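A structural walkthrough
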Amino acid sequence: MMQMLITGLICGALLGFVMQRGRFCLTGGFRDMYIAKDNRMFYALLIAIAVQSVGVYILIQTGLIQFTAGAFPWVAVIIGSFIFGIGIVLAGGCATGTWYRAGEGLIGSWIALFGYMFMSAVMKSGFLLPVNQAMQATQLPNNSIAETTGISVWVFIAILVVIVAAIVMRELRKPKVVIPSLKPKRKGLGHLLFEKRWHPFFTAVLIGVIAISAWPLSQATGRMAGLGITTPSANILQYSVTGDVSLINWGVFLVLGIFLGSFIAAKASREFRFRMPDTKTGINSFLGGNLMGFGASLAGGCSIGNGLVMTAMMTWQGWVSLIFIILGTWTASYFVFIRPGKSNAASAAITS
Amino acid sequence: MAKTLEVVGQVCPFPLVEAKKVIDEIQSGEELIINFDCTQATESIPRWAAENGHAVTNYEAVGEAEWTITVKKK
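Residues numbered from 1 in each chain as written. Chains lettered and ligands numbered in written order. Predicted model: local features only at pLDDT ≥ 70, side-chain atom pairs only at ≥ 80, totals over all residues. Heavy atoms only, no water.

Short version of the rule: UniProt positions are given in the numbering used here, feature names are shortened, and annotations may be inferred rather than shown by experiment.
An unreviewed UniProt entry annotates chain B as TusA-related sulfurtransferase of Cytobacillus purgationiresistens. UniProt, in its Sequence similarities (unreviewed entry) section for chain B, records the words "Belongs to the sulfur carrier protein TusA family."

An unreviewed UniProt entry lists chain A under the name Membrane protein YedE/YeeE, from Cytobacillus purgationiresistens. The annotation that UniProt attaches to chain A under Subcellular location (unreviewed entry) is "Cell inner membrane".

Written out as structure tokens, the structure is:
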């Protein structure tokens, strides 16, 4: 218990700290691919996937950790991921994003987080469990891309690494625009940690390394997985109402650590303040949180569990989920950001 | 006189969405003051200004998790 408390909290706190300081927001990243034609955060995610993939498969090869891909419940993954993608736009952050923004003091994220935990618990052990099970029942036998194709997993990892390296080189060669920054008030380490803007690619490498470390740390406590957000978040609520200690695992301390790490980062950077959302944002956060919980439970993971971890493990579930999360994000972005702008422009044209 | 956009309390990306709308309404050389408290906008607003060639004439933290930025339209 002590071990999972310490390593889980530390791993989570590092992740929360890095995400807060690096402004690592996948929801914003997926949304901006569409509304701003900006792929930087998506590329950053690919970097984190590639780093993790290489590291974790080395650990598997050396026998330090175990991984079985299992079956691929494709219907649940596709529908769940799409709904999750819609939910994160409404909630203003993905599951991890919501955890770390809760640590920045955003009450809207607290509301979203509650909705997310609640609906995840309803799907995993509540009255929607039969729905969840029925949709999971349609499965393809192999989740591992390597097993389906009969090609070594290292071939796929090599392809990914080459693609990512090409993207990074191309992006770093682009002429740089000087982005105005706040006047530095600190020097040395304080400036680097709490003021300086971090390059998203640098942040991505750190996240990849943290994601690798999660595997052996988690498995040492008997939880045979890497980073995961949805099940642990549901576990917190389930434990709170049942008192069943077996629900407490490494993942629970991981997500609590994200909250803690983000709070430390935000507080030290003078970016923490309790902020109350307006009514509309509050309602959207609650709805979005519930959709996130529903979708992620169905899909077997959120943008971290599926989008960052199962992709790195080279599973169908990971990559199919990532595609449908992005499509869900774009669909919701159209209705939330693009269409209102269009109707405004149209009415403005009429009045002039 | 500079126009002021108050988007304190709005979550990202709305501060930037609003800023893009308002910048279309002002003349070249005029300034737009944006007051916001969404952390992610500390990255997205100056980036947007720089990439679109607008000058940033003032940018500072006015309190805990509260910022102001002045953008001069290109």
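Right, picking up where we left off after that structure.
**Observations concerning the environment of V54(A)**
All names here are of chain A. To keep it simple, the criterion reads: Numbering of helices and strands runs from the N terminus, with a helix taken as a DSSP run of H or I at least four residues long and a strand as a DSSP run of E at least two residues long. Residue burial is assigned from relative accessible area. The probe radius is 1.4 Å, only protein chains are included, and a residue is buried under 20% of its type maximum, exposed over 50%, and partly exposed in between. Should any heavy atoms of two residues lie within 4.5 Å, those residues are counted as being in contact.
Along the chain, the position of V54 falls in helix α3 (residues 40-61). For V54, a relative accessible area of 29% corresponds to the partly exposed category. Those residues within four positions of V54 in sequence are excluded, and the remaining contacts are W154, I157 and V161.

**Notes on the sheet that holds strand β2 (residues 31-36) of chain B**
All names here are of chain B. Selection rule: Two strands qualify as a pair provided DSSP detects at least 2 bridges between them. Lines fitted to C-alpha atoms define the axes, with helix axes restricted to the stretch in contact, and inter-axis angles between N-to-C directions lie between 0 and 180 degrees.
Strand order in this open sheet of four strands is β1-β2-β4-β3, and the pairing throughout is mixed. Each edge of the open sheet carries a strand with a single partner, namely β1 (3-6) and β3 (55-63). Looking at each pair of strands side by side, their axes are set apart by 15° on average, direction ignored. Alignment of β3 against strand β4 (residues 66-72), held across seven bridges, turns out to be antiparallel. Paired with A61 across the two strands is W67, which belongs to β4. Against the sheet, helix α1 (residues 14-25) contacts β1, β2 and β4, and its axis sits at roughly 160° relative to β1.

**Points about the pattern of salt bridges**
The following threshold applies: Throughout this description, the term salt bridge denotes a Lys or Arg side-chain nitrogen within 4 Å of a carboxyl oxygen of Asp or Glu.
Here the structure, examined in full by the defined rule, presents 15 salt bridges over all chains. With a shortest N-O distance of 3.0 Å, E271(A) and R21(A) are connected by a salt bridge. Here E271(A), found in the loop between α13 (250-268) and α14 (279-299), pairs with R21(A), found in helix α1 (residues 2-22); they are 250 residues apart in sequence, far enough to count as distant. Given a relative accessible area of 5%, E271(A) falls into the buried group. Its salt-bridge partner being D38(A), residue R40(A) comes within 3.8 Å of it at the nearest N-O pair. Taking the relative accessible area as the measure of exposure, R40(A) reaches 18% and is therefore buried. For D38(A), a relative accessible area of 22% translates into the label partly exposed. When salt bridges with common partners are traced through the structure, they connect D38(A), R40(A), R197(A), E43(B), R47(B) and E51(B) into a single cluster.

**Regarding the UniProt feature "domain: UPF0033" (unreviewed entry) in chain B**
Annotation from UniProt places "domain: UPF0033" (unreviewed entry) at residues 5-29 of chain B. The distance separating the terminal C-alpha atoms of residues 5-29 of chain B is 17 Å; by composition the span is 48% helix and 8% strand.

**So, the packing of aromatic side chains**
What counts, and what does not: Paired rings are identified among Phe, Tyr and Trp, the last through its six-membered ring, by centres lying within 6.5 Å, and are further divided according to the angle between planes into stacked (under 30 degrees), edge-to-face (over 60) and tilted (the rest).
Applying the stated criterion across every chain, the model contains 14 aromatic pairs over all chains. Relative to W215(A), the ring of F67(A) lies with its centre 5.8 Å away and its plane at 85°, an arrangement referred to as edge-to-face. Note that F67(A) is positioned in the loop between α3 and α4 (74-91) and W215(A) in helix α11 (residues 200-219), a separation of 148 residues in sequence. The buried category is assigned to W215(A), whose relative accessible area is 2%. Plain terms: the ring middles of F36(B) and W67(B) are 5.8 Å apart, the flat faces sit at 20° to each other, and that makes the pair stacked. Taken together, the residues span a long stretch of sequence, with F36(B) in strand β2 and W67(B) in strand β4 at a distance of 31 residues.

**A few points about the UniProt feature "transmembrane region" (unreviewed entry) in chain A**
All names here are of chain A. The UniProt entry lists residues 41-60, 72-100, 106-129, 150-169, 198-217, 247-266, 287-310 and 316-337 under the feature "transmembrane region" (unreviewed entry), expressed in the numbering used here. The straight-line gap between the two end C-alpha atoms of residues 72-100 is 30 Å; of that span, 83% is helix and 0% is strand. Taken end to end, residues 150-169 comprises 85% helix and 0% strand; its first and last C-alpha atoms sit 31 Å apart.

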